[in-house]
Amino acid sequence: MIKKYETRQAGINFKLVLKDNIILIGGLSGSGKTLLFDAFQSDKALNPDSNIICINFLTEKKFIDEILTNSKGQLIVIDNADPILTDDQKFDISIDHKNQYIIFTHSLEGFEPSDSSIAELVVKNNVGELYYPLLED
């Protein structure tokens, strides 16, 4: 499991501490979630052999099930998960221990998160970090 991940996009240095194998990132529109997703996509493009898989609205639905079923040892990053994932897929992700997930969502419905799974992206002074509101930092 990746514990720390650093990347950069559009002048923002993202310094992420991942406290669980599933991180559900919420936040208001304009908080930098899509910018962070774009950073993951750029990292994957620069290093095609990396273990990053990015899923968004452009991913064909038939491939999402295939990715979730057949992937092992991957960091699966999903942007705007609410309209993309079914409730069954959300449940399967919640019990998947063979992959790690970063999921951008507005709703926790369908997931079974722990306190260390729920995060907000906070960007201050061109640094993006994850804040875990249910944990004492």
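Peer 1: Can you break down the pairing of strand β8 (residues 127-131) residue by residue, with the values?
Peer 2: Burial along β8 is one-sided: the face carrying Gly 128 and Leu 130 is buried and the face carrying Val 127, Glu 129 and Tyr 131 is not. Here strand β2 (residues 12-17) pairs with β8 via two bridges, running parallel. Bridging across to β8, Phe 14 finds its partner in Gly 128. Two elements, strand β7 (residues 118-124) and β8, share five bridges in a ladder whose sense is antiparallel. What sits directly across from Leu 121, in β8, is Leu 130.

Peer 1: Describe the sheet that holds strand β5 (residues 75-78), listing the residues and the values that go with them.
Peer 2: Taken in spatial order, the eight strands of this open sheet run β1-β2-β8-β7-β3-β6-β5-β4, and their pairing is mixed. Edge strands, defined here as strands with exactly one partner in the open sheet, are β1 (4-9) and β4 (52-55). Averaged over all pairs of adjacent strands, the angle between their axes in this sheet comes to 20 degrees, without regard to strand direction. Those strands touched by helix α2 (residues 61-70) are β4, β5 and β6 (100-104), and its axis lies near 150 degrees from that of β4.

About the thresholds
- Residues numbered from 1 in each chain as written.
- Predicted model: local features only at pLDDT ≥ 70, side-chain atom pairs only at ≥ 80, totals over all residues.
- Heavy atoms only, no water.
- Buried < 20%, exposed > 50% of the residue type's maximum accessible area, 1.4 Å probe, protein only.
- Helix = DSSP H or I, 4+ residues; strand = E, 2+ residues; numbered from the N terminus.
- Pairing = 2+ DSSP bridges.
- Axes fitted to C-alpha atoms, helices over the stretch in contact; angles between N-to-C directions.
- Contact = heavy atoms within 4.5 Å.

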